[in-house]
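What follows is the residue order along each chain.
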Amino acid sequence: MTETAATPQGIPVITADPFSPENLTEPHILHEQLREAGPVVYLDQYKIWAMARYEQVNAALKDWETYSSASGAGLSNFRKEKPWRPPSLLLEADPPAHTRAREIVGPILAPPAMRAVRAPFESEAAALVDRLISRGSFDAVSQLAEVYPLKVFGDAVGVPEEGRENLLPYANMVFNAFGPRNQLLENAMSKAQVVQPWIAASCAREALRPGSFGAQIWAAVDAGKVPQEWAPLLVRSLLSAGIDTTVNGLAASIYAFASNPDQWSILRSQPSLVKQAFEEAIRWESPVQTFFRTTTREVEIAGVRIPEGEKVLLFLGAANRDPRRWSDPGRFDIRRNASGHVGFGMGIHRCVGQTVARLEGEIMLTALANRVERIEFTDQPQRKPNNTLLAWSSLPIAIHTV
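Looking only at helices and strands, one finds 16 helices and 14 strands in the protein chain. By principal-axis analysis of the C-alpha atoms, the protein chain measures approximately 65 × 55 × 35 Å. Per-residue burial for the protein chain yields a buried fraction of 59% across its 402 residues. A total of about 16,400 Å² of accessible surface is found on the protein chain, and carbon and sulfur atoms cover 51% of it. On the protein chain, the mean spot of the 41 positive side-chain charges and the mean spot of the 44 negative ones are 4 Å from each other.

Listed below in structure tokens is the structure:
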């Protein structure tokens, strides 16, 4: 049960733990309470500030000068404690370093590059759908949402095929590490001794296929655009940006359509809605639920003063269901214009892999819609608790063709 009480400054204090297993797997009740408590609240358990309304979350994401990422995009403050890994040059850096890194990675994942990989992505999607149709029933997480990105984007980045399964526990480590040092993080880090060496080796120049996205980053080193020590960190960012968002975006889409069969019928009758449908799935499910920022100065929000150097937790998932921004926000509606959602972030730190997620989402949903008349659950879906992600460990479904 969440309780709120006013401090002498009139700031709502939330006593609930947003990182409890219950709130991580079923966050919507807490999100509503956070939004209704006020534009800014104080999370008593962690002694941090938080925002859950769309207006404030969107504004904070765009204002990197006030809400810095360089102190870490998680609860840990890099100015006070050592990061568990070398910080991301994209997610955990501010300009000018962030600008320089984005100038290298941005074009590699820009729309022209996505057009170049569309044909192999479509071929792999068609082949995978053929295999899934022959099975009839399967787990849409382990046999679809994880398989497809590991294959197509792993190939595009140029990492070795052997060991790609390590990308999944690595993602689990990364996103749990943005939260508190709880049991979820300890469990995730138990695989670090196996996973991290593979990640490091796979980001090295000699491990990457010539001409691949990863090799293009090393080519930027040769051209004198970035220091050599940046290259493996940027390849690592490619893998995080292009795998994690897509795995969870695909799972979110399948869950949304299996839960709302009327929307699948609409998509099949109006295939031009496929891009819009994927955006709505990201808004409705919000695979990335939260990110932190650190204030660089005292800032006033709706009459509330947040001091300099304070951690602020931004609830992206809550913002994406804010009734102040969205009509009937709890409804999954592929006819909705979901543009402006913060599911991929916003501002200069928006997810660099969103172009990959969108391309793979469009291609996979199109391949399924062309062949599959109906999607239904065969058993209860199972959430995968994570300190940052609203993820699934299992989505047992059956697909029925025409």
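This paragraph deals with the packing of helix α11 (residues 213–222) against helix α12 (residues 231–259). Following both chains from N to C, one finds α11 and α12 inclined at 155°, their axes separated by 9 Å at the closest point. Taken as axis vectors, α11 and α12 run roughly antiparallel relative to one another. Both α11 and α12 take part in a crossing whose hand is right-handed. Only A231, P232, L234, V235 and L238 of α12 make contact with α11, whose side of the interface consists of F213, G214, I217, W218 and V221. In terms of residue class, the contact of α11 with α12 is built from nine nonpolar, one polar and no charged.

This part takes up the nonpolar core. Grouped burial of nonpolar side chains is what soluble globular proteins tend to show. Membership of the largest hydrophobic core comes to 120 residues, with the highest contact counts inside it found for M51, L109 and F213. Of the residues forming this core, the biggest block, 16 residues, is contributed by α12. With sequence-adjacent residues up to four places away left out, F213 is seen in contact with I108, L109, A113, M114, V117, F153, A156, V157 and L238. Counting residues in each nonpolar core, the second largest holds 16 residues, with F19, I48, A50 and A318 among its members.

This part covers α12. Taking 1.5 Å as the rise per residue, α12 with 29 residues should run 42 Å; its terminal C-alpha atoms sit 42 Å apart, in good agreement. The element α12 is largely enclosed, with a buried count of 27 among its 29 residues.

Looking now at the pattern of salt bridges. For the structure shown, the criterion picks out 20 salt bridges. We note a salt bridge from R85 to E92, for which the minimum N-O separation is 3.7 Å. For the pair shown, R85 and E92 are each scored as buried. Notably, a salt bridge pairs K151 with E161, separated by 3.9 Å at the nearest N-O pair. Of this pair, K151 sits in helix α7 (residues 147–157) while E161 sits in the loop between α7 and α8 (167–176), and the two are 10 residues apart along the sequence. A relative accessible area of 26% means that K151 is categorised as partly exposed.

Between P95 and the following residue, P96, the backbone shows a cis peptide bond with an omega angle of 10°. Note that P96 resides in the loop between β5 (67–68) and α4 (97–108). You will see that D328, though not glycine, has its phi angle at about 50°, which is positive. With respect to the secondary-structure elements, D328 resides in the loop between α15 (316–319) and α16 (354–371).

Turning our eyes to something else, we now look at the sheet that holds strand β11 (residues 372–377). Taking strand neighbours across the sheet as the criterion, the three strands line up as β6-β14-β11 in an open arrangement whose pairing is antiparallel. Two strands bound the open sheet, and with one partner strand each, they are β6 (137–139) and β11. Averaged over all neighbouring strand pairs, the angle between strand axes comes to 30°, with direction disregarded. With five bridges joining them, β11 and strand β14 (residues 396–401) adopt antiparallel strand pairing. From the neighbouring strand, E376 faces β14, where its bridge partner is A398. On the sheet, helix α5 (residues 111–135) packs against β6, β11 and β14 and is oriented at approximately 95° with respect to β14. This element, α16, spans β11 and β14 of the sheet and lies at about 105° to β11.

Let's shift gears to the packing of α4 against α11. It is at 10 Å that the axes of α4 and α11 come closest, and there the two elements cross at 145°. Considering the relative orientation of α4 and α11, their crossing is right-handed. Side by side, α4 and α11 meet where I104, V105 and I108 of the first sit next to F213, Q216, I217 and A220 of the second. Classifying every residue of the contact of α4 with α11 by side-chain character gives six nonpolar, one polar and no charged.

Burial in helix α2 (residues 28–37) covers these residues: L30, H31, L34 and R35. Along the axis of α2, the buried positions cluster into a sector of 135°, meaning they face one direction only. Where α2 is buried, its residues meet β2 (12–14), α1 (21–25), β3 (41–43), β10 (311–315) and α15. Just downstream of α2, G38 is the residue with a positive phi angle, here 155°.

Moving on to the pairing of strand β4 (residues 48–51). Regular strands place side chains that alternate from one sheet face to the opposite one. Across the two faces of β4 the burial is the same, with I48 and A50 and W49 and M51 all buried. Where β3 meets β4, three bridges bridge the pair, whose relative direction is antiparallel. What sits directly across from V41, in β4, is A50. In sequence, β3 turns back onto β4 through a hairpin of four residues, with K47 there showing a positive phi of about 55°. Inspection of the sheet shows β4 paired to β10 by three bridges, in the parallel sense. Looking at β10, one finds that W49 is bridged to V312.

Criteria and cut-off values
- Residues numbered from 1 in each chain as written.
- Predicted model: local features only at pLDDT ≥ 70, side-chain atom pairs only at ≥ 80, totals over all residues.
- Heavy atoms only, no water.
- Helix = DSSP H or I, 4+ residues; strand = E, 2+ residues; numbered from the N terminus.
- Buried < 20%, exposed > 50% of the residue type's maximum accessible area, 1.4 Å probe, protein only.
- Areas by Shrake-Rupley, 256 points an atom, 1.4 Å probe, with all protein chains shown as cover.
- Lys, Arg positive; Asp, Glu negative; His and termini not counted.
- Charge placed at Lys NZ, Arg CZ, Asp CG, Glu CD.
- Axes fitted to C-alpha atoms, helices over the stretch in contact; angles between N-to-C directions.
- Parallel < 35°, antiparallel > 145°, perpendicular 65-115°, else oblique.
- Left-handed = near helix turned anticlockwise from the far one by under 90°.
- Contact = heavy atoms within 4.5 Å.
- Nonpolar A, V, L, I, M, F, W, Y, C, P; charged D, E, K, R; others polar.
- Core = buried A, V, L, I, M, F, W, Y, C linked by side-chain atoms within 4.5 Å.
- Expected span 1.5 Å × (residues − 1).
- Salt bridge = Lys/Arg side-chain N within 4 Å of Asp/Glu carboxyl O.
- Pairing = 2+ DSSP bridges.
- Arc of directions from axis to C-beta.

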